[in-house]
Every structure is written in C-alpha cells, then in structure tokens.
Number of protein chains: 2
Amino acid sequence: MFKDNEHQPEGFQVSLKEALDNLKYNSEGLVPAIAQQHDTGEVLMMAWMNREAIEETLQTGRVCYFSRSRGKLWRKGESSGQVQLLKELRFDCDADTVLVLVDQTGPACHTGRRDCFYWKADADNVTIDKTPIIDPKELYK
Amino acid sequence: MFKDNEHQPEGFQVSLKEALDNLKYNSEGLVPAIAQQHDTGEVLMMAWMNREAIEETLQTGRVCYFSRSRGKLWRKGESSGQVQLLKELRFDCDADTVLVLVDQTGPACHTGRRDCFYWKADADNVTIDKTPIIDPKELYK
C-alpha cells in the first residue's frame, strides 16, 4: 500500500486501519519509533511500538511504546513522570519506521539527561558530552 | 560498557573500538541509524548500519549504511548523487541506536521528497503531506 502510493500528491489519504495493516512490523510485531521534540527539533530517543501502542498513542495523545524488556505497553513517563504529549505521528516511505513529534516533560533519558544520544563518536574515541538535567535518583524514587 | 558508565560526567571517554565492541547489534549485526539534518533539525530518514558502516562513516566523513535489501554497504547517494556529509555521529544510552547529524544534499528520500516521513497519521486517517523537491525520475536516470 505505502509503496504503491508513494508518488501520490499531497492530500492523498488512506484509513489508519489500512495503514496499520500494511506497516512492516519485525518478527516481534514491532517498528522503531523516533521521538523528536516538536519545537526545538531535538532527537530525544528511539524506542519501539506495536500496533496497539500506535493506536493508543493516536487515541490518547500521550505517547505509548512497547517495552521489549518488560514485554508490555509502556506509557512513557509512567514511572518517572516525564511524559511525552503527542504533537504529530508520521510513517516513512518504507512503512517500517514511526516518527513522533512530542512535547517532552523534562528529561527523555532514564539517566536524567534531556536526550539519550550523549555519547559522541569520532574516528578514535567516544565521549560523553551531555550532563543530566535532573538527578536520576529523583526520577525513580 | 555503556550501561556501566552511564553516570560518568561530561568528558568521560572510551576508545571507538571498545564502544563498537559493546554496541547491541541485532541478530543481523545491525543497529538502526537516524539521520538528522544538522542545522535545521529535520529528521530525514532511518536506515541501518553494521560495524563496518560506522567505521567507514567516521573515517571518510561521508555517511555509509548497510542496505538490507542489497546485503552490502551503501554509501548514501552513490546512485542518486544525494550524499550525506557527516557532522556528528552519536550512540544512545542503550547502545542500540546511532544518530548521525548530516548535511544532506537535496532529497534524502528515494521518492524525491526532502525526508521520508511524509505520511502523517491521525486517529482516523493517514495522509501524504509533503511534495517531491526533485522528480524521482531525475534522481535515478
């Protein structure tokens, strides 16, 4: 469906059901989901969604992932309080990735940093270059 | 390694080799890589990298992915001319995702659109809301 319609003009529309029927889920029924802060453009984190997580996110306006480690739906912020409110949800051309534009409360990262991409690489080394904005002990107490 | 050092301060450093030894590659030896335009913040695309692709990207300054469909390294733009010059390469806290900040020449998407995330979803429908900036026939002629 996505491939067949990739050259359609702006405004071309299919039902959410048809789109979700045609996403390319992996063998675990998941697609990667990139979270980006809607106004600053910061890439905050990458997590995974199944069909139910996508549907819940669109219905509630609060971002829900599927936790691979816990094997269940994970409403972002349910233990830390650092929720993600949904601004936009998008699929890519290959129908195998979700992009969520969000309004992130506080840090997205479990380490207390604003985002998870704090290891910066060069051809020789990898260096931490971001500092927590909240002590992680305060996040999960 | 990544988990053990997640509370280290800014400036903490490990060798690239140690980091690459400790990335959480999937069963195919790949990690997802998010490409973001370095100055505008646009999330352009998501693709995959293996260890060799990461090393080549850092050494050459030109972004190289691993094409799952072709089963080999893929220097972005090798057929379309729409290359990605590397500005920064980052790993996330879980050591299972790469973020590349790039300078993208023209469209990142094979459809001729600037980015791949042109299907916008709501609770009922999914709608194309971006137009090609180059006719895809011009990209691959």
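Predicted model, so just to flag it, every value in this text is computed and none were measured. Sequence order as written defines residue numbering, which begins from 1 separately in each chain. Each chain gets a letter, beginning with A, and each ligand a number, beginning with 1, in the order they are written. Per-residue local features of the predicted model are confined to residues with pLDDT of at least 70, and side-chain atom pairs are confined, for both listing and counting, to 80 or more; whole-chain, interface and lining totals are unaffected and use all residues. Heavy atoms throughout the structure, all of them, feed into the side-chain values; hydrogens and water do not.

Draft legend 1. Representation of the interface of chain B and chain A within the structure. Contact criterion: two residues are considered in contact whenever any of their non-hydrogen atoms come within 4.5 Å of each other. Tallying the contact residues gives 56 residues for chain B and 56 residues for chain A. Here chain B packs against chain A, burying approximately 4,900 Å² in sum over the two surfaces, 58% of which is carbon and sulfur. Salt bridges are defined as contacts in which a side-chain nitrogen from Lys or Arg sits within 4 Å of a carboxyl oxygen from Asp or Glu. The interface formed by chain B and chain A includes 6 salt bridges. Here Arg90 of chain B makes a salt bridge to Asp129 of chain A, at a shortest N to O gap of 2.7 Å. Here a polar contact is taken to be a pair of N or O atoms separated by no more than 3.5 Å, where protein atoms must pair a possible hydrogen donor with a possible acceptor and residues adjacent in sequence count only if both atoms sit in side chains. Summed over the shared surface of chain B and chain A, the number is 32 residue pairs in polar contact (both at pLDDT 80 or more). Labels follow the DSSP assignment, with helices taken as runs of H or I lasting at least four residues and strands as runs of E lasting at least two, numbered in each case from the N terminus. Mapped by element, the contributors of at least two residues to the side of chain B that touches chain A are β1 (13–15), α1 (16–22), β2 (31–37), β3 (43–49), β6 (84–91), β7 (98–104), β8 (119–121) and β9 (125–128) of chain B. Buried area adds together the accessible area that both of two parts lose upon being put together, with accessible area traced by a 1.4 Å probe.

Draft legend 2. The arrangement of the sheet that holds β7 of chain B in detail. Within the open sheet, the 7 strands sit side by side as β1(B)-β9(A)-β8(A)-β6(B)-β7(B)-β2(B)-β3(B). Their pairing is mixed. Only two strands of the sheet have a single neighbouring strand rather than two, namely β1 and β3 of chain B. In this sheet, adjacent strand axes meet at a mean angle of 30 degrees when their direction is disregarded. Examined bridge by bridge, β2 of chain B and β7 of chain B share 5 bridges and lie parallel to one another. Following the sheet pairing, Ala35 of chain B is matched in β7 of chain B by Val100 of chain B. What counts as an axis is a line fitted to C-alpha atoms, over the stretch in contact for a helix, and the angles between N-to-C directions run from 0 to 180 degrees. Its contacts with the sheet place helix α2 (residues 51–60) of chain B against β8 (119–121) of chain A together with β2, β3, β6 and β7 of chain B, and it is angled at close to 120 degrees to β6 of chain B. The criterion for strand pairing is that DSSP finds at least two bridges linking the strands in question.

Draft legend 3. Spotlight on the environment of Leu30 of chain A. All names here are of chain A. Note on placement: Leu30 falls in the loop between α1 (16–22) and β2 (31–37). Sequence separation between Leu30 and Trp48 is 18 residues, and the spatial gap between their C-alpha atoms is 6.1 Å. With residues near it in sequence (within four places) discarded, Leu30 still touches Lys24, Tyr25, Trp48, Met49, Asn50, Phe66 and Arg68.

Draft legend 4. Fine view of the pairing of β3 of chain B. All names here are of chain B. We call a residue buried when its accessible area falls under 20% of the maximum for its residue type, exposed when it is over 50%, and partly exposed in between, using a 1.4 Å probe and counting protein chains only. Of all the 7 residues making up β3, 7 are buried; the element is thus mostly covered by neighbouring parts of the structure. Sheet topology places β2 next to β3; 6 bridges connect them, and they run antiparallel. Bridge pairing in β3 links Gln36 to Val43. With antiparallel pairing between neighbouring strands as the criterion, β2 and β3 make up a hairpin whose turn holds 5 residues, including Gly41 at a positive phi of roughly 85 degrees.

Draft legend 5. Structural context of the state of the cysteines. Cysteine sulfur pairs qualify as disulfides if the two atoms are within 2.5 Å. The full count for this structure, using the stated rule, is 0 disulfides over all chains. Distance from the sulfur of Cys109 of chain B, which forms no disulfide, to the nearest cysteine sulfur (Cys93 of chain A) is 3.8 Å.

Draft legend 6. Examining the side chain of Arg114 of chain A more closely. Residue and element names in this part refer to chain A. Structurally, Arg114 is set in the loop between β7 (98–104) and β8. Of note is the side chain of Arg114, whose polar atom sits 3.2 Å from the side chain of Glu42. A distance of 2.8 Å separates a polar atom in the side chain of Arg114 from the backbone oxygen of Gly106. Leaving out residues up to four positions away in the same chain, Arg114 has contacts with Gln37, Glu42, Leu44, Gln104, Gly106, Pro107, Ala108, Cys109 and Ile133.

Draft legend 7. Spotlight on the confidence of the model for chain A. Residues of chain A with pLDDT of at least 70 account for 100%, and the chain-wide mean is 96. Among the prediction metrics, the complex's ipTM stands at 0.96, with pTM recorded as 0.97. pLDDT runs from 0 to 100 and stands for how confident the predictor is about each residue.

Draft legend 8. Local environment of the relation of the copies chain B and chain A. A residue counts toward the fit only if its pLDDT is at least 70 in both copies, and the copies are then superposed by least squares on the C-alpha atoms of those residues. Once turned by 180 degrees and shifted 0.0 Å along the axis, chain B lies on chain A with an RMSD of 0.0 Å. What the superposition gives is, in effect, a two-fold axis relating one chain to the other. Using C-alpha coordinates, one finds that chain B approaches the rotation axis most closely at Gly41 of chain B, a distance of 2.5 Å. With an isologous cut-off of 70% or more, the 100% of interface residues of chain B that recur at the interface of chain A puts this contact in the isologous class.

Draft legend 9. Seen up close, the side chain of Gln36 of chain A. Counting through the fold element by element, Gln36 of chain A comes out in strand β2. There is a polar contact of 3.0 Å between the side chain of Gln36 of chain A and the backbone oxygen of Gly41 of chain A.

Draft legend 10. Geometry of helix α2 (residues 51–60) of chain A. Taken as a whole, α2 of chain A has its buried residues at Ala53, Ile54, Glu56, Thr57 and Leu58 of chain A. A positive phi of about 80 degrees marks Gly61 of chain A, the residue just after α2 of chain A.

Draft legend 11. Structural view of the packing of aromatic side chains. Classification of ring pairs uses Phe, Tyr and Trp, with its six-membered ring standing for Trp, and accepts pairs whose centres are within 6.5 Å; under 30 degrees between planes counts as stacked, over 60 as edge-to-face, and the remaining range as tilted. Tallied over the entire structure, the rule returns 10 aromatic pairs over all chains. An angle of 75 degrees between the planes, with centres 5.2 Å apart, marks the rings of Phe2 of chain A and Trp119 of chain B as edge-to-face. Residue Phe2 of chain A is found in the segment before β1 (13–15), and its partner Trp119 of chain B is found in strand β8; the two belong to separate chains. Judged by relative accessible area, Phe2 of chain A falls into the buried class, the value being 3%. Their ring planes at 70 degrees and their centres at 6.2 Å tell us that Trp119 of chain A and Phe12 of chain B sit as a pair that is edge-to-face. Placement of the pair is Trp119 of chain A in strand β8 and Phe12 of chain B in the segment before β1, with the two residues belonging to separate chains. Using a relative accessible area of 0% as the deciding quantity, one classes Trp119 of chain A as buried.

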